[in-house]
Amino acid sequence: MVEPGATSPASERCTWCGADVEPDDGFRLAEEPGDRGATFCRLEHLVPWALSGAHWEAGEPDEPPEVVHTPTTCSHCGGPLGDVRLVLVRHRGEHRIPDAFCSVDHAREWAKAGGRWR
């Protein structure tokens, strides 16, 4: 058991605010193909991160094998995704909910509008 205020060995840090993000919570953004990603404790942290220049971390976030279906259209504009795409995966308990985007700007606008819950 992890004591209150202690960092779990399996937790990650939010790319924007530095808060701990447990493996079964938060959002992971990855560029495909590529080897860079970002982790967010809250969806709205994607907005200032993107506005400040989208500072990526080296290495893609690890995703479990059950995330096999990547959307083929942009979740913001509905257009087809090109060879390079961004995949945002919501971790909610054991569930993994993917969305994909054609650009950081579209991911930002989608998050700013409330994401899936707009």
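This text gives an overview of the structure that appears in the document. Bear in mind that the values here come from a model prediction, so they are computed numbers and not experimental data.

### Quick notes on the overall build of the protein chain
Turning to step 1, where the next piece is worked out: Summing up its helical and strand segments, the protein chain has 2 helices and 7 strands in all.
Turning to step 2, where the next piece is worked out: Starting at the N terminus and walking to the C terminus, you meet the elements of the protein chain as β-β-β-β-α-β-β-β-α.
Turning to step 3, where the next piece is worked out: Contacts in the protein chain between residues far apart in sequence, at least 24 positions, make up 54% of those at least 6 positions apart.
Turning to step 4, where the next piece is worked out: Of the roughly 6,700 Å² of accessible surface on the protein chain, 51% is carried by carbon and sulfur atoms.

### Section: empty space enclosed by the protein
Unfilled space is identified by rolling a water-sized probe across the atoms.
Turning to step 1, where the next piece is worked out: Taken as a whole and judged by the stated rule, the model has 1 cavity of 30 Å³ or more.
Turning to step 2, where the next piece is worked out: In this structure, the largest cavity encloses a volume near 40 Å³.
Turning to step 3, where the next piece is worked out: Around the largest cavity, the lining residues are Phe 27, Leu 88, Val 89, Arg 90, Ile 97, Asp 99, Trp 110, Arg 116 and Trp 117.
Turning to step 4, where the next piece is worked out: At the level of elements, strand S6 (85–92) and strand S7 (95–101) are the ones that each hand at least two residues to the lining of the largest cavity.
Turning to step 5, where the next piece is worked out: Broken down by element, the lining of the largest cavity gets its largest block of residues, 3 residues, from S6.
Turning to step 6, where the next piece is worked out: Taken together, the residues of the lining of the largest cavity break down into 6 nonpolar, no polar and 3 charged.

Rules and cut-offs
- Every chain's residues receive numbers from 1 upward, in the order its sequence appears when written.
- Only residues with pLDDT of at least 70 get local features here, since the model is predicted, and only at 80 or more are side-chain atom pairs given and counted; chain-wide, interface and lining totals rely on the full set of residues.
- The side-chain values count all of the structure's non-hydrogen atoms but skip hydrogen atoms and water molecules.
- Every helix listed is a DSSP run of H or I at least four residues long, and every strand listed is a run of E at least two residues long, numbered separately from the N terminus.
- Two residues form a contact once any of their heavy atoms are found within 4.5 Å.
- Shrake-Rupley sampling with a 1.4 Å probe provides the accessible areas, and residues are treated as covered by the protein chains on show and by no other component.
- For each structure, a 1 Å grid was placed over the protein atoms alone; sets of points admitting a 1.4 Å probe that cannot get out are labelled cavities, open sets with protein on both sides within 12 Å along at least five of seven lines are labelled pockets, and lining residues have an atom within 4 Å of a point.
- Grid points are joined across faces, edges and corners, and a volume is the space filled by probe spheres set on the points.
- Under this grouping Gly is polar, as are all residues other than the nonpolar Ala, Val, Leu, Ile, Met, Phe, Trp, Tyr, Cys and Pro and the charged Asp, Glu, Lys and Arg.

Geometric descriptors of this kind do not, in isolation, establish any biological role.
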